[in-house]
Every structure is written in C-alpha cells, then in structure tokens.
Amino acid sequence: MKNIYCDISATTPLSVEVAEYMHQIQMKVFGNPSSIHRFGQESKAILEKSRRQISTALNCSPGEIYFTGCGSESNNMALQALLKPGDHVISSSYEHPAILKTLDYLESNGVTVSRIKPNSNGIVTCQSVETAIKENTRLVSIMFVNNEVGTINPIEEISLYCRDNNILFHTDAVQAFGKIPIDMTEIPVDLLSLSAHKLYGPKGVGALFIRNGTGIDPILFGGGQEKNLRPGTENIPGIAAFGLAAELSQQNLSDIAHQIKNLTDQFLDILKENGLDFSQNGKNTIPGVINLTFPNVDAQTLVMSLDMAGVAVSAGSACSAGTVKVSGTLVEMGLNREAAACSIRISFGKYHTIEDIEFVAGKICDIISKRQGING
Ligand SMILES: Cc1ncc(COP(=O)(O)O)c(C=O)c1O
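Residues numbered from 1 in each chain as written. Predicted model: local features only at pLDDT ≥ 70, side-chain atom pairs only at ≥ 80, totals over all residues.

With that out of the way, let us pick up the overall build of the chain. Scanning the chain from terminus to terminus reveals 13 helices and twelve strands. Against the compact-globule benchmark of 21 Å for 376 residues, the chain has a radius of gyration of 21 Å, which places it among compact chains. Taken along its principal axes, the extent of the C-alpha atoms in the chain is 70 × 55 × 35 Å. The 376 residues of the chain split such that 47% are buried. (Helix = DSSP H or I, 4+ residues; strand = E, 2+ residues; numbered from the N terminus. Rg over C-alpha atoms; globule rule 2.2 N^0.38 Å. Buried ≥ 20, exposed ≤ 12 C-beta atoms within 10 Å, placed from the backbone.)

Here it is in structure tokens:
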C-alpha cells in the first residue's frame, strides 16, 4: 500500500546525504572532543566544522552557535538563563510547549509573564508587543514561525523595536530555519533556537544562537563544554549531521520553497474543484504548511481514516505525547473549539511530488465528500 508522509512540521525524514555522513562519522570517529590527543582533536574538528556550517547558513559568527540536545532545550536555556525573579517577559500564547511550560515554571518563581494572543491571521504584531512593555521587561520571546499554522511573525520589526528599547529578544526559529532565509546581520535577534530534525537532519540535536556580548549564565552544570554554557560530551555524529543538513538546506532554498508552494496551490485547487467545504487557517505562511478546517468532520477521526488510507497528517501538533486535545494555537487565534476540533495540519516538504499531492488530495476528497454528503 502507498504511504505518504505529510507531517513535515512534526519532523522530517533524514536526507540520504546526511544519513550517510552521520553513519560514516558514527563508525569512524569516536574520540572525546575535549581530549587533546588526535582522536579527540578529530572529533573537535568535526564539531567546529558543523558550527561553521550552521553559522554560514545564518550569516553569523561560529562562536555564536552553542550546541544543545534539542530545540526544547535551547528554548529552556534562553528563558531560564536570562530571567530572574522580579523580571518581566513578553511572549505569545501560541508558542511551543517548550516555551509555554518554561514560562509557567518561571512565573511560579517570581517572573511576571505577559502572553500576547496572535491575531486571527495567526500573526503576533509588533504593536501588540509594544503595548505589553513594562519598566522591568527584560526579554521578549516570540516564535519565528508557528508550528501548527506555519505563519511567519514580523521578527525583524519586533527585534528592531526591542533593540531600540534595550530589551533582549529571543525567537524560537525551529520551524523557520532551512525553510525561509534568516540573516543574523539583518535582524538584531539576541538569541535564536534551532533543531536539526525539522530540516532533514537527525532528532536529538539542537543549537542556540547567542549574539556575542549577550551576558548569559548556564542552567546546567558540569564540564566546560560549549564555553561553559552547555555541559556534556558532545553528540558528534548528530552535530556533524546537523551541520550538513543546515548547509544543504541553504542550497536552492528559494527554488525549493517555490516548488513546495506550487504543490500546495495545486493541492488546494483539487480540494476546491471537488467542492469540499473547508477554510484555511493562517495567513503569510511558510510554504508547505496547510491548516484546514472541515466543518463537522472530527479531526481525530479524519487523521485516523487518512492513516488507514495511507496518508499521514496531524490534528494539532505532534508534541502532546499522543494525547487528544484541541489545538491551542487555533483557539488562541479566535477559532471556536468546535472548529478547532475539525482542523488538521498537512505539511509538505522537498521530497513530495505532484503524484503524492494528487494521491493525498484524492484520499481527502473521498473521505470528506462522504462525511459532507457531496456527490462526486
Ligand atoms: C516551534 C517549535 N519549537 C520547538 C520545538 C521542539 O524541538 P525539539 O523537538 O528539537 O525539542 C518544536 C518541535 O516540534 C517546534 O515546532
């Protein structure tokens, strides 16, 4: 049976080039990069190569990249390291749980938190950030691209505003890196979180960009790795693979984005031509992420029916450990709970073909037209 994976926002498959490189390193290079002998130095060279590859992709200095265990850890590190009791932080109400739950924790420890709602298009405006500023605002943390609707926030505008007002700015760029261009010389972001498994790299490797000069304390203690900010012997094969995945993601970035956008448009055209009743959530999205509401069609049942038909999509985000719950993002955008419960996310990536898109659209049309009583 055909099986088409359309959940690129949850995680991407490993690219073959990255998998082969990772395997090669795994088999041959095992030294501890902190060791001074040649085995250690071989690992250290791989670590530093990856740092250069990621910094080139972001147009920043290699010394501003700190490796972590995942995007969630990068988010925790940024927030917990910078915020102390008595500080005020502004974030949004539709962030990834790695931000939302860290904010809850910090709030219970004396940090004041403002959670801004996105507008009905799924965007956090700079104006809404400005109106939440207080005298003791130390940090603003707004995600670059939302994981459930794919909307792109005005990060350049918000970060410029923060810089002009002497407020630190962090962005969770896990869904943005490798999908849209990010140039650290153009956006005055102080900290930026990344994860390898959203750009055809491996799971369990992340990074935090920390702009030179940003004073930050460690939240974990141990060896002196990553300039004393992130202890633990480095995951060399994973980090090496992350570097290559970052480099590859920049090759033909705009051509691939264009190709995915065309596939997405063709997909939506097929649904419309078949007379399906649906609406699309979110405006100004990255290519490939489509969040759709099919009135009166329960999303969980739809996800299961599609899975049985060989199509993998998701309802809400994948990060709630298999729990069935309505998408917090859509509710924050103003959708009522009934509509949110009838919404699915389909995400396409660089390996999808027009045949895949037609197959997926065909299966959705079959299932939905039966539920919505549409005659073919
Ligand atoms: C926006 C966003 N931030 C953070 C994360 C967490 O990244 P990781 O899975 O590497 O911890 C994800 C993963 O889904 C995400 O979509």
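Once the structure has been displayed, the description carries forward.
Now for the packing of helix α2 (residues 38-58) against helix α8 (residues 236-250). Axis separation between α2 and α8 bottoms out at 8 Å; the angle between their running directions is 30 degrees. Viewed along their axes, α2 and α8 adopt a mutual orientation that is roughly parallel. Classified by chirality, the crossing of α8 by α2 is left-handed. Taken together, the residues of α8 that come into contact with α2 (itself represented by S43, I46, L47, K49, S50, Q53, I54 and A57) are I236, I239, A240, F242, G243, L244, A246, E247, S249 and Q250. The residue makeup of the contact of α2 with α8, split by class, is ten nonpolar, six polar and two charged. (Axes fitted to C-alpha atoms, helices over the stretch in contact; angles between N-to-C directions. Parallel < 35°, antiparallel > 145°, perpendicular 65-115°, else oblique. Left-handed = near helix turned anticlockwise from the far one by under 90°. Contact = placed C-beta atoms within 7 Å. Nonpolar A, V, L, I, M, F, W, Y, C, P; charged D, E, K, R; others polar.)

A word on the sheet that holds strand β8 (residues 206-210). If you trace the seven strands from one edge of the open sheet to the other, you get β2-β8-β7-β6-β5-β3-β4, paired in mixed fashion. The sheet is open, and its two edges are formed by β2 (65-68) and β4 (112-116), each paired on a single side. For this sheet, the mean inter-axis angle between neighbouring strands, taken without regard to orientation, is 20 degrees. By the bridge criterion, five bridges tie strand β7 (residues 191-195) to β8 in an arrangement that is antiparallel. Within β8, the position partnered with S193 by the bridge is L208. Those strands touched by helix α3 (residues 71-82) are β2, β5 (137-141), β6 (168-172), β7 and β8, and its axis lies near 160 degrees from that of β7. (Pairing = 2+ DSSP bridges.)

Note that all results are geometric; they support no functional claim without further evidence.
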